[in-house]
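# Chains, contacts and geometry: an overview
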Amino acid sequence: MSTTDKTPGTVLITGASSGIGAIYADRLAKRGYDLILVARNAERLGALAQRLSAETGRTVTPLVADLADKDDLREVEEVLRTDSRITVLVNNAGFGSAIPLLQADVDAMEAMIDLNVTALTRLTYAAVPGFVARGGGSVINISSIVAVAPEFLNGVYGGSKAFVLAFSQQLRHELGGKGIRVQAVLPGATATEFWDIAGAPVASMPQEMQQRVMRAEDMVDAALAGFDQGEFVTIPSLPEAADWNAVETARQALFPNLSRAVPAARYGL
Ligand code: NAP
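The rules behind the values
- Residues numbered from 1 in each chain as written.
- Predicted model: local features only at pLDDT ≥ 70, side-chain atom pairs only at ≥ 80, totals over all residues.
- Heavy atoms only, no water.
- Core = buried A, V, L, I, M, F, W, Y, C linked by side-chain atoms within 4.5 Å.
- Buried < 20%, exposed > 50% of the residue type's maximum accessible area, 1.4 Å probe, protein only.
- Helix = DSSP H or I, 4+ residues; strand = E, 2+ residues; numbered from the N terminus.
- Contact = heavy atoms within 4.5 Å.
- Axes fitted to C-alpha atoms, helices over the stretch in contact; angles between N-to-C directions.
- Parallel < 35°, antiparallel > 145°, perpendicular 65-115°, else oblique.
- Left-handed = near helix turned anticlockwise from the far one by under 90°.
- Nonpolar A, V, L, I, M, F, W, Y, C, P; charged D, E, K, R; others polar.
- Pairing = 2+ DSSP bridges.
- 1 Å grid on protein atoms, 1.4 Å probe; cavity = no way out; pocket = protein on both sides within 12 Å on 5 of 7 lines; lining within 4 Å.
- Points joined across faces, edges and corners; volume = space filled by probe spheres on them.

Judged by nonpolar contacts, the single largest core of 36 residues is most densely connected at Leu12, Leu67, Val76, Leu80 and Val233. Of all the secondary structure elements, the ones that give two or more residues to this core are β2 (34–39), α3 (70–82), β4 (86–91), α4 (106–134), α5 (155–175) and β6 (180–185). Those residues in contact with Leu67, other than ones at most four positions away along the chain, are Thr14, Val38, Leu73, Val76, Ala93, Leu115, Ala119 and Leu123. Formed by 30 residues, the second largest nonpolar core is a distinct cluster that contains Leu28, Leu37, Ala39 and Phe227.

Let's shift gears to the packing of helix α1 (residues 19–30) against helix α2 (residues 42–56). It is at 10 Å that the axes of α1 and α2 come closest, and there the two elements cross at 20°. One finds that α1 runs roughly parallel with respect to α2. Crossing angle aside, the handedness with which α1 passes α2 is right-handed. Contact with α1, carried on its side by Ala22, Ala25, Asp26, Ala29 and Lys30, involves Leu48, Arg51, Leu52, Glu55 and Thr56 of α2 and no other residues of that element. Broken down by class, the residue content of the contact of α1 with α2 amounts to five nonpolar, one polar and four charged.

Moving on to the sheet that holds strand β3 (residues 60–64). Backbone hydrogen bonds hold the strands of a sheet together, and the pairing may be parallel or antiparallel. Read from one edge to the other, the open sheet built from seven strands follows the order β3-β2-β1-β4-β5-β6-β9, with strand pairing classed as parallel. Edge strands, defined here as strands with exactly one partner in the open sheet, are β3 and β9 (233–234). Relative to strand β5 (residues 137–142), β4 runs parallel, the two sharing four bridges. Note that in β5 the partner of Val90 across the bridge is Ile140. Contacts from helix α8 (residues 216–228) reach β5, β6 and β9, with the element oriented near 145° to β6.

Okay, empty space enclosed by the protein next. Counted according to the given criterion, the structure contains one cavity of 30 Å³ or more. Space inside the largest cavity adds up to approximately 40 Å³. As for the largest cavity, its lining consists of Thr14, Leu67, Asn91, Asn92, Ala93, Leu115, Ala119, Leu120 and Leu123. When residues in the lining of the largest cavity are grouped by element, the largest group, four residues, is from α4. When grouped by side-chain class, the residues that make up the lining of the largest cavity number six nonpolar, three polar and no charged.

What follows concerns the layout of surface pockets. Looking at the largest pocket, its volume works out to about 1,300 Å³. Broken down by secondary-structure element, the contributors of at least two residues to the lining of the largest pocket are α1, β2, α4, α5 and α6 (194–197). Residue composition of the lining of the largest pocket, grouped by class: 28 nonpolar, 14 polar and seven charged. Space inside the second largest pocket adds up to approximately 320 Å³. Only α8, β9 and α9 (241–254) provide two or more residues apiece to the lining of the second largest pocket. Here the lining of the second largest pocket gets four residues from one element, more than from any other, and that element is α9. Looking at the lining of the second largest pocket residue by residue, the classes come out as ten nonpolar, four polar and four charged.

In short, shape yes, function no, at least from these values alone.
The structure is reproduced here in structure tokens:
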């Protein structure tokens with residue numbers, strides 16, 4: 001996905017009407033991609049599409065869809081299955097919650113799973129066979145640091161983002177040899193409307209926490225730099241890549257002992 005590519009193709013970005021998705025749209029249009037921008041808010045999508053095509057000369061197509069709605073989701077899947085110009089899928093649409101389990105509405109939790117997990121899964125399944133058939137393509141999945149630190153926010157949100165990380169790990173394992181790039185991006189707190197929707201606006205955070213919130217522009221620029229460097233997991237604020245690599249090494253060291261015919265001796269059976 002370098003800036004020197006002559007015809008990088010089309011990228012489909014979900015959740016492109018605001019926040020992180022809108023910045024991906026801006027940056028990728030400037031890298032020469034045509035765009036298909038998916039979200040529910042037609043007005044915002046239309047305005048962004050107009051601005052980006054005027055500024056960059058790229059073809060920018062708004063695709064209004066509620067990815068939690070089965071029919072709308074199937075329409076976006078169909079675009080991914082049939083439009084062979086698409087070379088990159090950015091699975092970004094999602095929302096979170098800061099509400100503890102004892103106060104949360106389980107229907108809202110299910111809606112979160114519908115978007116953060118089900119839609120992301122179905123869109124990936126729609127896009128990837130075409131990428132493999134055409135010999136290449138990239139999937140950028142927006143997870144979160146709560147994938148590894150679910151204690152920070154609502155447990156269903158953390159669980160949904162842990163799914164995105166695990167799903168991405170297996171995608172990369174299965175498809176890496178087929179020319180498919182997979183990146184899991186784990187942003188920390190980023191200044192977007194996410195926090196208003198999650199019930200914890202940035203302005204209401206303690207001052208110390210507000211100072212740890214990254215600009216969405218910086219988050220996306222770091223994530224794209226990580227992509228260019230060939231990273232699989234990108235944690236934009238993590239100073240030392242070696243720290244993530246140590247976690248990964250420890251995880252993989254478990255593999256030989258994760259499944260055996262007998263329980264471990266320490267259980268005394
Ligand atoms: P945001 O500004 O609220 O953006 C969310 C985007 O998703 C919007 O474009 C929204 O557009 C779209 N969306 C929401 N529900 C949708 C639906 N049912 N169908 C289609 N589109 C839908 O928040 P953001 O921070 O940019 O979030 C982007 C991603 O980053 C999310 O997956 C989030 O979990 C992740 N993330 C955010 C942070 C953070 O601190 N901000 C940290 C880690 C991870 P419409 O309302 O127009 O549909």
